[in-house]
Structure formats: structure tokens, C-alpha cells
Amino acid sequence: MSVVSAEVVVVGAGSAGCVVAGRLAEQGRDVLLLEAGPDYGPVGSGRWPAELLSARMLATTHDWGYTSGRWVFERARVMGGCSSHNGAIAAVGHRADYDGWGLPGWAGDDVAPLFRQVIERMRVRAYEAHEAGPFHARCLDAAADLGWTIASDLCDLDAGASFGLETVNVVGHTRWNAGFAYLDHVRGGSLRVLDEVMVDRLVAWHGAGSSGGTVRLAAERRGEPIVIEGGTVVLAGGVYGTPLLLERSGIGAPEALRAAEGLRSSMNPVFEAIAHHNPYAAEQLPEATWNQMVLKALFIGSALDPIAGLDRRANPRLARMLRDHAHERWAAHRPVNPELWRCVGPFVDADALSDLARVLHGGTPDEQAGAALALHACRLPEAAALLQRHHGLLFAIRNGSLHWSTLAATT
Ligand SMILES: Cc1cc2nc3c(=O)[nH]c(=O)nc-3n(C[C@H](O)[C@H](O)[C@H](O)COP(=O)(O)OP(=O)(O)OC[C@H]3O[C@@H](n4cnc5c(N)ncnc54)[C@H](O)[C@@H]3O)c2cc1C
């Protein structure tokens, strides 16, 4: 298992994580920035998808997919975090409100210089009159007719109650994300960025910080477990990501959100945060809970292929449960997810063989592909003989064009 270390580790390259990592790297600190999503490099790399760059497009492709069914809770999973897919509106509040809070460090005079820095870094500007669409132009006219003050700068703490065209972190038409603003000029220096790293949990943190100890994180990168070590770890996983990480680490209210409870959730993102690309389940769950998790994935239409350790934790009891599930679905004339056969393959007996023969004979092409892969994983001579009769599938398996991941991608 690979181990990566740094003086400061920042988890989450969103709006906050980019600022923290960038500013520490500017001071020459050894910083490792971890992001679950992809890093497309600096602005101008030519690798950024158009919808993330263009402030004129709704960006939806890099979303974590949090939903409660009726409601969607958008959160980006990409370098820059939500600043890479948000509305890019950058407006400050009212001085009177900050002053009214009475909080040390949060008075209008305290926040004003900080806002100025952010405005400069994020290249915030006001839309110009000619950029207003017909709807917005009419709104401004109507507001003026009603006697509202029209403000030219919504980043003015003293603008008061007023109407105006939005101030935005948009350069030309480019959504100027926090990565462009805070990281581009320190990339290649003391900042290292590791993308596609899903941090699962803190596994050790005692003695870290001023006493010079180490914080250790368990993570997964592109399907492989990885350990991250840092003298200081900053959690900047966002409003959903950080609490989940803490709770997986047993900090906060572990009794309320234990993994097994999360697995009972019918919210796919909650379930998948534990089940997908996460070594925790394979390492920690007892067999009965593991088996329920795999079955649950099928119930809620969640893919099996991203479950870390799926093949390693396959077991005869699970194979039996999955075959029962398949029979129930057939009895109700409902389709059976072909990935189901993946955990059956290593434990095929005579009954399972007749199930697979049935699928090979009358299933859809995807179902046949699943059955063929299961037979290929089985050592019984009868399985090999059955598979021999399906040359095309056998050929595809042997030349590598058909395997469980390709099948998962098509189903
Ligand atoms: C659709 C939308 C539009 C918005 N429009 C505006 C707007 O116009 N103006 C405005 O001011 N605000 C807007 N916001 C809000 C603003 O974008 C967010 O408040 C802000 O970006 C949050 O920053 P953050 O650093 O807390 O979290 P995020 O930006 O969400 O960053 C968290 C990062 O951590 C990563 N991460 C999470 N968990 C892990 C893990 N376990 N391992 C590794 N990485 C992990 C995530 O992938 C993400 O990149 C909008 C938000 C959304 C969703």
C-alpha cells in the first residue's frame, strides 16, 4: 500500500481547500491537496470541460449526486469544488449587518480588507449594462421606476438596500474558480495536488499538531488503497463531505451514523459513500452486513463494480442470497441486474449452473454477458463446456473486451 506524506494535508480542493492550500504554499509550506474529483490543471491547460469553464452553462457532470428523492443537493466533485460549477455570483453583505453581529473580527471594518483581497484574487467584476439580458434589463428598469436605488457595485459594503447587476467572478465568459485564483501560481512549487483521492477516514490523529505527531488518513485512489500522513490535516470537504468523513472516523455522533446505518439508507449517495470506492466496508463489515450491503445495492439500483473488495469478500452464503433474489425477480417478470452473477461465479453448483444456462439461453445481451463472466470464473468442467457453446462471449472475455467493469458501464 502506498504512503504519501506532507507537512500539511488539505482534504478537499473546493472553495475553502484551494484558499488554504494556496496560501500555505505561497509561504513555502509543504502542502498536499487531496481531491475526490479530477484535477484538470491550471486555466489554459485545455483540459477543462467547457461546461465547467463557461459561466454561461449549467454544470452538472461533476456532481456528487446527493439527493433525498424530491430534493437535489448539488455539490461538485472536481478541482475547485462548487466554485467550479456554481453561479459565480460574488456579493458581500451589508456593513450594518456585520457590525450588528458584535463578533470580534467580524465587524465591517474587519471584513472589508479581506473582501478586497478575495475580490482581487477571484477577479470579481460587475456585469456591464450591455451584458444584461432583456429580462434583467427590464427588472432594473422596473426597480428604478419603483424608486429603488440602483447600485453599480454589489460588492460595496455600504451600497445599502439596492438593485444592480450581479458582481461575478467571471473573466470574459470563464467561471474563475478557486483553483485558478489560489493554486495556479503555486502549482509545481511546494504544493502537490493528488486528484481522484477519496479520503475515507482519519485513522490516527492523537499527538498530532504542536507536539509534532502525525495524522493518518485512509483513502482510496483509483481503486487502490492509499495512506496519507500529515503533521497537520485540514478538512475542507464541504458541508456534506467533512461531516461524513468525521463520522466515518468515529468523531461527532458515530452512534447516529455508523456505517451499517448508512448502508440501510435508501439515499443512493449516502449508501454509496460507504459502499463505493471505499475500503472500509470490505475491511470492517462482518459477513452478514457485507452480504446485506451487496443485496441492498441491487435493490436500490446501485452498481456493484465500484464496491471495493467485491470479489475478495464473495462468499457462498451471498451467492445463495443473490440467486434467491434472481428467482424472485424472474417470478415477478422483472429484469435481473447482470452484475449479480459476479458474486455467484466462484460458487457455482449444479443449481446455479442451470440458472446460468437459462440466462445464456434466453437473457438479454447484457444478462448473457454477466452469465458468461460468471461461468468463466467457475472451475467446474460443465461451466467451461457451457461457455464453449457461446464462442462470441468467450472470445470477448479472452481478449479482454468483456469484463465486469465494461459490463457495469453498460448496465
Ligand atoms: C449549484 C450551486 C450554485 C452556487 N452558486 C453560488 C454563487 O453564485 N455564489 C456563491 O457565493 N456561492 C454559490 N454557491 C455556494 C458555494 O459554491 C459554496 O458555498 C462553496 O463553494 C462551498 O465551498 P467549500 O469549500 O465549503 O465546499 P466545496 O466547494 O463543496 O468543496 C469541497 C471539496 O471537497 C471534496 N471532497 C469532499 N469529500 C471528500 C473526500 N472524502 N475525499 C476527498 N475530497 C473530498 C469535494 O469533491 C469538493 O471538491 C453555489 C453552490 C452550488 C452547489
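Further up the page is the structure itself.
One structure accompanies this document, and this report is about it.

Scoring rules and cut-offs
- Residues numbered from 1 in each chain as written.
- Predicted model: local features only at pLDDT ≥ 70, side-chain atom pairs only at ≥ 80, totals over all residues.
- Heavy atoms only, no water.
- Helix = DSSP H or I, 4+ residues; strand = E, 2+ residues; numbered from the N terminus.
- Buried < 20%, exposed > 50% of the residue type's maximum accessible area, 1.4 Å probe, protein only.
- Contact = heavy atoms within 4.5 Å.
- Areas by Shrake-Rupley, 256 points an atom, 1.4 Å probe, with all protein chains shown as cover.
- Near = heavy atom within 4 Å.
- Polar contact = N/O pair within 3.5 Å; in protein donor to acceptor, adjacent residues only side chain to side chain.
- 1 Å grid on protein atoms, 1.4 Å probe; cavity = no way out; pocket = protein on both sides within 12 Å on 5 of 7 lines; lining within 4 Å.
- Sits in = over half its atoms within 2 Å of the grid points.
- Patch = residues over 30% accessible without salt bridge, like charges linked within 9 Å, V, L, I, M, F, W, Y side chains within 5 Å.
- Salt bridge = Lys/Arg side-chain N within 4 Å of Asp/Glu carboxyl O.
- Axes fitted to C-alpha atoms, helices over the stretch in contact; angles between N-to-C directions.
- Parallel < 35°, antiparallel > 145°, perpendicular 65-115°, else oblique.
- Left-handed = near helix turned anticlockwise from the far one by under 90°.
- Nonpolar A, V, L, I, M, F, W, Y, C, P; charged D, E, K, R; others polar.
- Pairing = 2+ DSSP bridges.

Looking only at helices and strands, the protein chain features 17 helices and 12 strands. Judged by the C-alpha coordinates and their principal axes, the protein chain covers about 80 × 60 × 40 Å. Split into buried and exposed, the 411 residues of the protein chain put 43% on the buried side. Within the protein chain, contacts between residues separated by at least 24 positions form 64% of all contacts whose residues are at least 6 apart in sequence. Total accessible area on the protein chain is roughly 20,700 Å²; 55% of this is exposed by carbon and sulfur atoms.

The environment of the ligand is formed by 29 residues, the closest being Ser 15, Ala 16, Glu 35, Cys 82 and Ile 89. At 3.1 Å from a nitrogen atom of the ligand is found a main-chain nitrogen or oxygen belonging to Gly 87. Ala 88 is positioned such that a nitrogen or oxygen atom in its backbone is 3.2 Å from an oxygen atom of the ligand. Compared with its free state, where it exposes 1,000 Å², the ligand has 77% of that area covered by protein. At a threshold of 2 Å from the grid points, most atoms of the ligand map onto the largest pocket.

On to a nonpolar patch on the surface, then. On the surface, Leu 146, Trp 148, Ile 150 and Phe 163 cluster together into a nonpolar patch covering about 420 Å² of accessible area. Looking at the secondary structure, you find Ile 150 in the loop between α5 (134-145) and β6 (167-168). With relative accessibility at 43%, the residue Ile 150 sits in the partly exposed group.

Our next topic: unusual backbone geometry. You will see that Ala 88, though not glycine, has its phi angle at about 60°, which is positive. Locating Ala 88 in the fold gives a position in the loop between β4 (72-73) and α3 (95-101). Of note, His 333 is a non-glycine position whose phi angle comes to about 55°, a positive value. Owing to a relative accessible area of 76%, His 333 belongs among the exposed residues under this scheme.

This next bit is on the packing of helix α12 (residues 316-331) against helix α13 (residues 350-362). Interhelical geometry of α12 versus α13 gives an angle of 45° and a closest axis separation of 11 Å. On the basis of their axis angle, the class for α12 and α13 is oblique. Considering only the axes of α12 and α13, their crossing is left-handed. Residues Arg 323, His 327 and Trp 330 of α12 form the contact with α13, whose participating residues are Asp 351, Ala 352, Asp 355, Arg 358 and Val 359. Tallied by class, the residues present in the contact of α12 with α13 amount to three nonpolar, one polar and four charged.

So, about the sheet that holds strand β10 (residues 197-204). Taken together, the six strands give an open sheet; going across it, the order is β9-β2-β1-β12-β11-β10, and neighbouring strands pair in mixed fashion. With one partner strand each, in any of the chains shown, β9 (191-194) and β10 form the two edges of the open sheet. When strand polarity is set aside, the average angle formed by the axes of neighbouring strands in this sheet is 40°. Packing of helix α1 (residues 15-26) onto the sheet brings it into contact with β1 (2-11), β2 (31-34), β9 and β12 (224-235), and relative to β2 it is tilted by some 165°.

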